[in-house]
Amino acid sequence: MKLILAVLVLALVLVVETQAQWHRYPGQAIGGAKDMWRAYRDMRKANWKGADKYFHARGNYDAARRGPGGRWAAKVISNGREALQGLSRRGNSDAAADQAANRWGRNGGNPNRYRPRGLPKKY
């Protein structure tokens, strides 16, 4: 009887602890959006040929490291950006490569996989 009671209490504590994390989600999402903005700003400032995929991966990577809220923000922003760019001049192959870099970073892959040679270290 004591063992059953102990297991039930442990299960209850785990469920409550898991459910108690919901309050962190908005902060993670806001932080993730800031990470995405910083990557975009750095990409514009660097103005480096061939660095687009690196900054896509880096923004998603940084945002996803914040937690589920950051990962969600990275996905929404990345998909929205690609959808808007798809309406303009860019082709599908470039959009597909961008999305691959987005997923790579969001799933914890090292963004340096896409880093072009010679890109200044501050980025």
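As recorded in an unreviewed UniProt entry, the protein goes by the name Serum amyloid A protein, listed as coming from Cyprinus carpio. Its UniProt record gives the protein the following Function (unreviewed entry) comment, quoted word for word: "Major acute phase reactant. Apolipoprotein of the HDL complex." Looking at the protein in UniProt, the text filed under Sequence similarities (unreviewed entry) is "Belongs to the SAA family."

(A) Spotlight on the nonpolar core. Counting 6 residues, the largest nonpolar core consists of A46, A51, Y54, F55, L119 and Y123. Filtering out sequence-adjacent residues up to four positions away, A51 remains in contact with P116 and L119.

(B) Spatial organisation of the pattern of salt bridges. Summed over the entire model, instances satisfying the criterion amount to 7 salt bridges. Two residues, K53 and D52, come together in a salt bridge whose shortest N-O distance is 3.4 Å. Measuring nitrogen to oxygen at the nearest pair gives 3.8 Å for the salt bridge that ties D62 to R58. Pair noted here: D62 and R58 are both in helix α3 (residues 52-64), with a separation of 4 residues, about one helical turn. For R58, a relative accessible area of 9% corresponds to the buried category.

(C) Geometry of the confidence of the model for the protein. Mean pLDDT over the protein stands at 87; residues scoring 70 or higher make up 80%. By mean pLDDT, the top-scoring element of the protein is α3 (98), and the lowest-scoring one is helix α1 (residues 2-19) (55).

(D) Representation of the side chain of S78. Along the chain, S78 turns up in helix α4 (residues 68-86). A relative accessible area of 0% means that S78 is categorised as buried. In this structure, S78 is in contact with M36, N60, Q99, N102 and R106, ignoring residues within four places of it in sequence.

Quick notes on the rules
Residues numbered from 1 in each chain as written. Predicted model: local features only at pLDDT ≥ 70, side-chain atom pairs only at ≥ 80, totals over all residues. Heavy atoms only, no water. UniProt positions renumbered as here; feature names shortened; annotations may be inferred. Core = buried A, V, L, I, M, F, W, Y, C linked by side-chain atoms within 4.5 Å. Buried < 20%, exposed > 50% of the residue type's maximum accessible area, 1.4 Å probe, protein only. Contact = heavy atoms within 4.5 Å. Salt bridge = Lys/Arg side-chain N within 4 Å of Asp/Glu carboxyl O. Helix = DSSP H or I, 4+ residues; strand = E, 2+ residues; numbered from the N terminus. pLDDT = per-residue confidence, 0-100.

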